Amino acid sequence: MNRIDGRNDDSLRNIDITVNFTEVSGGSVLINWGKTRVICTALLEEGTMPFLKDTGKGWLTAEYAMLPSSTGGRKKRETLKPDGRSTEIKRLIGRALRQAVDFEALGEKTIWIDCDVIQADGGTRTASITGAYVALALGVKKWLKQGLISKNPLVHQVAAVSVGINGDTPLLDLCYREDSSAEVDMNLVMDDTGAFIEIQGTGEGRAFTAAELNKLLALGEKGIKEIMKIQNEAIK
Ligand code: UDP
């Protein structure tokens, strides 16, 4: 099958990560993933969530938004509170990145992940998670050097990718045009041991079989291995 941008079915779009994209006290990256572009930052704050006070454990929380000009029609600016989709995505980013961190090693501190989409062409949540991990790893290096934290709290590398089925063809890493016409749409988050952190999969145009699911998982696993190499290149 011919893909819109000429890629093979199991090929990723071009992923490029600019580290230290803005000057911040933690980590900051711009992730260009095909035409999707997201700024991801990781900042550290003293103090933990109220429900963790006096436990010695910290927390990680995430925010996500698309800028009004990030997409074809203007997206309403989320000035007061995030819309339903952004709320779902920020919670996904938080759950994903929490698996990277040992909160006892972090101590009673909070890591804030912020993902701001400046251009959206599909896969903004997977680009956010992938970029945020790099921002987090860069932030941790800085905080250790500055003595803001005493132990390295990172226990896993985390990355994400989308997969889907167009017609009957499983595809890796869908751009917006592919995503909007996909029969099945799925987002996968994995760690460096090859284990799944989250699977969001929907039969949007039709239901899918267990055999198709397994094909999509294998495709995602292949993509995530490649993405983790790109993350590690950016971090070192
Ligand atoms: N999109 C958009 N406006 C919106 C929401 C989504 O233009 O308000 C587009 C955008 O290109 C996005 C794509 O639809 O990347 C797919 O959105 P989805 O909710 O599936 O999440 P994503 O694939 O970005 O993680």
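These notes cover the structure that comes with them. (Residues numbered from 1 in each chain as written. Predicted model: local features only at pLDDT ≥ 70, side-chain atom pairs only at ≥ 80, totals over all residues. Heavy atoms only, no water.)

**Observations concerning the site of the ligand**
Neighbouring the ligand are the residues Met66, Thr71, Lys75, Arg85, Ala120, Asp121, Gly122, Gly123, Thr124, Arg125, Tyr176 and Asp179. Arg85 places a polar side-chain atom, nitrogen or oxygen, 2.7 Å from an oxygen atom of the ligand. One nitrogen or oxygen atom from the side chain of Arg125 is found 2.8 Å from an oxygen atom belonging to the ligand. Expressed as a share of its isolated accessible area of 500 Å², the protein-covered part of the ligand is 77%. For the ligand, the cavity whose grid points lie within 2 Å of the majority of its atoms is the largest pocket. (Near = heavy atom within 4 Å. Polar contact = N/O pair within 3.5 Å; in protein donor to acceptor, adjacent residues only side chain to side chain. Areas by Shrake-Rupley, 256 points an atom, 1.4 Å probe, with all protein chains shown as cover. 1 Å grid on protein atoms, 1.4 Å probe; cavity = no way out; pocket = protein on both sides within 12 Å on 5 of 7 lines; lining within 4 Å. Sits in = over half its atoms within 2 Å of the grid points.)

**Let's talk about unusual backbone geometry**
Phi angles above zero are rare outside glycine, and Asp54 is one such case at about 65°. Assessed through its relative accessible area of 68%, Asp54 is described here as exposed. (Buried < 20%, exposed > 50% of the residue type's maximum accessible area, 1.4 Å probe, protein only.)

**As for the nonpolar core**
Counting residues in hydrophobic clusters, the biggest one holds 60 residues, and the most contacted among them are Ile93, Leu97, Ile113, Ile129 and Leu136. In contact with Ile129, not counting residues within four places along its chain, are Leu92, Ile93, Ala96, Leu97, Val158, Ala159, Ala160 and Val189. (Core = buried A, V, L, I, M, F, W, Y, C linked by side-chain atoms within 4.5 Å. Contact = heavy atoms within 4.5 Å.)

**Comments concerning the sheet that holds strand E3 (residues 36-46)**
Overall, mixed pairing links the 5 strands, which are arranged E1-E2-E3-E5-E4 in an open sheet. Two strands bound the open sheet, and with one partner strand each, they are strand E1 (15-19) and strand E4 (59-66). Taken pair by pair, the neighbouring strands of this sheet meet at an average axis angle of 20°, ignoring direction. Sheet analysis places E4 next to strand E5 (residues 109-119), joined by 8 bridges and oriented parallel. Bridging from a neighbouring strand, Ala62 pairs with Ile113 of E5. (Pairing = 2+ DSSP bridges. Helix = DSSP H or I, 4+ residues; strand = E, 2+ residues; numbered from the N terminus. Axes fitted to C-alpha atoms, helices over the stretch in contact; angles between N-to-C directions.)

**A few points about the sheet that holds strand E8 (residues 184-191)**
Taken together, the 4 strands give an open sheet; going across it, the order is E7-E6-E8-E9, and neighbouring strands pair in antiparallel fashion. On the outer flanks of this sheet lie strand E7 (169-172) and strand E9 (196-203), each paired with one strand and no other. Neighbour-to-neighbour, the strand axes of the sheet open up by a mean angle of 15°, direction not taken into account. Summarising the sheet, strand E6 (residues 158-166) and E8 pair through 8 bridges and their orientation is antiparallel. Opposite Ala160, over in E8, you have Val189 as the bridge partner. Strand contacts of helix H1 (residues 84-98): E6, E8 and E9, with the helix running at about 150° to E9, the strand carrying the most contacts. Across the face of the sheet, helix H5 (residues 210-235) comes into contact with E6, E7, E8 and E9 while running at roughly 140° to E6.

**A closer look at H1**
Helix length check: H1 (15 residues) gives 21 Å between terminal C-alpha atoms against 21 Å at 1.5 Å per residue, within 8%. Within H1 the residues assigned to the buried category are Ser86, Ile89, Leu92, Ile93, Gly94, Ala96, Leu97 and Arg98. The opening residue of H1, the one whose side-chain oxygen lies 3.3 Å from the backbone nitrogen of Arg85, is Asp83. (Expected span 1.5 Å × (residues − 1).)

**Quick word on the pattern of salt bridges**
According to the stated counting rule, one finds 16 salt bridges in the structure shown. Across the pair Glu178 and Arg7 runs a salt bridge, and its minimum N-O distance is 3.4 Å. On the criterion of sequence distance, the pair formed by Glu178 in helix H4 (residues 176-180) and Arg7 in the segment before E1 is long-range, its members being 171 residues apart. Grouping residues by exposure puts Glu178 and Arg7 together as buried. Its salt-bridge partner being Arg206, residue Glu212 comes within 2.9 Å of it at the nearest N-O pair. Take Glu212: its relative accessible area is 16%, and that puts it in the buried class. Overlapping salt bridges, with partners in common, bring together Arg3, Asp5, Arg7, Arg13, Asp121, Asp173 and Glu178 in one network. (Salt bridge = Lys/Arg side-chain N within 4 Å of Asp/Glu carboxyl O.)

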